[in-house]
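Descriptive structure summary
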Amino acid sequence: MAPRRRSFRLVCPPGLTPRVEDLLSAQGFAFEPDPAWGLARVLTAEPLALGESLASVFGLLYIQDRSSMLPPLMLAPPAGARVLDMCASPGSKTGLLAQLTGPAGFVLGVEASPKRLATLRRNLERLSLPWAATAGASSESLPFPDASFDHILLDPPCSGWGTADRKPEVLTLWTPDKVAPLVRLQRTLLREASRLLAPGGSLVYSTCTTNIDENEGQVRYTLDELGLHL
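Right, let's walk through the structure included here.

Taken in spatial order, the four strands of this open sheet run S2-S3-S1-S4, and their pairing is antiparallel. Bordering the open sheet on either side are strand S2 (30-33) and strand S4 (61-63), each of which pairs with just one other strand. Looking at each pair of strands side by side, their axes are set apart by 35° on average, direction ignored. Sheet analysis places strand S1 (residues 7-10) next to strand S3 (residues 40-45), joined by three bridges and oriented antiparallel. Directly across from Ser 7, in S3, lies its bridge partner Val 42.

Another aspect to go through is helix H7 (residues 180-196). Look at H7: 25 Å from first C-alpha to last across 17 residues, which is about the 24 Å you get at 1.5 Å a residue. Every buried residue of H7 is accounted for by Leu 182, Val 183, Gln 186, Leu 189, Leu 190, Glu 192, Ala 193, Ser 194 and Leu 196. Against the buried residues of H7 lie strand S5 (82-85), strand S8 (149-154), strand S9 (197-205) and helix H8 (216-225).

So, about the state of the cysteines. Throughout this description, disulfide means a covalent bond between two cysteine sulfur atoms. By the definition in use, this model includes zero disulfides. Of all cysteine sulfurs in the structure, the one in Cys 208 sits closest to Cys 158, which takes part in no disulfide; the separation is 3.6 Å. Classification of Cys 158 by relative accessible area gives buried; the value is 14%.

This next bit is on the side chain of Ser 194. Along the polypeptide, Ser 194 turns up in helix H7. Sequence-distant contacts of Ser 194, defined by excluding residues within four places in its chain, comprise Leu 226 and Leu 228.

Where burial is concerned, most of helix H4 (residues 92-101) is hidden: 10 out of the 10 residues are buried. By the burial criterion, the buried members of H4 are Ser 92, Lys 93, Thr 94, Gly 95, Leu 96, Leu 97, Ala 98, Gln 99, Leu 100 and Thr 101. In the stretch just after H4, Gly 102 is the one whose phi turns positive, near 75°.

Another aspect to go through is the side chain of Asp 34. If you trace the backbone, Asp 34 turns up in the loop between S2 and S3. Here Asp 34 falls in the buried class, since its relative accessible area comes to 2%. Polar contacts involving the side chain of Asp 34 include one to the side chain of Ser 7, which spans 3.3 Å. Residue contacts for Asp 34: discarding those within four places in its chain leaves Ser 7, Ala 40, Arg 41, Val 42 and Arg 66.

In the contact formed by H7 and H8, the axes pass within 11 Å of each other and the chain directions differ by 35°. The handedness of the crossing between H7 and H8 is right-handed. Here H7 contributes Val 183, Gln 186, Arg 187, Leu 190 and Arg 191 to the contact with H8, which in turn contributes Gly 217, Gln 218, Tyr 221 and Thr 222. Tallied by class, the residues present in the contact of H7 with H8 amount to three nonpolar, four polar and two charged.

Analysis parameters
Residues numbered from 1 in each chain as written. Predicted model: local features only at pLDDT ≥ 70, side-chain atom pairs only at ≥ 80, totals over all residues. Heavy atoms only, no water. Pairing = 2+ DSSP bridges. Helix = DSSP H or I, 4+ residues; strand = E, 2+ residues; numbered from the N terminus. Axes fitted to C-alpha atoms, helices over the stretch in contact; angles between N-to-C directions. Expected span 1.5 Å × (residues − 1). Buried < 20%, exposed > 50% of the residue type's maximum accessible area, 1.4 Å probe, protein only. Contact = heavy atoms within 4.5 Å. Disulfide = S-S within 2.5 Å. Polar contact = N/O pair within 3.5 Å; in protein donor to acceptor, adjacent residues only side chain to side chain. Left-handed = near helix turned anticlockwise from the far one by under 90°. Nonpolar A, V, L, I, M, F, W, Y, C, P; charged D, E, K, R; others polar.

Functional significance is not addressed by these values, which are geometric in nature.
So this is what it looks like as structure tokens:
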């Protein structure tokens, strides 16, 4: 089986893209465009660890799977938007949301775990995205008025079955009889997201599991109980 090719995104104004690509090429990296997004690339040659490249050290790229890029790209906040990322660490999606809104926007990444919050803050600081703020809080109940955000991303804790090819232990950790607490937590988060979403706003709910109860079942709950629409 061919090795999985890694994706990354450039973290720079579009006008500086050629310079960052030249910096990568000068160190022997090769890559091609990723059709998911204009600043996304797929690595085709990696003479040293991409995370040790000068571009990475200078905060000009972020290593991120395409599957992780898709939820922010589907939410697609316009420039200047107010965005809430409810379960933000390690910051991959938060950082991409900040790139999409630009410096005229505001992105708030919320993380309850102090350790994960520290990781979130380190990643955002390295990428120089000062309009992306963080909050150490539980997204089950946030101290904001109703309808505070135009765009909300909810990528909640889940059973992670979709990552079993790289982390087979998830199938043992989260057997079907153990996922009920996750389903309850996801519904609590969905209720809070519904409260915080402004009229006409957009909510993207995403997981990395293949469990129907955590995916299609939660979409049905949202439509039937929370009054949102596809």
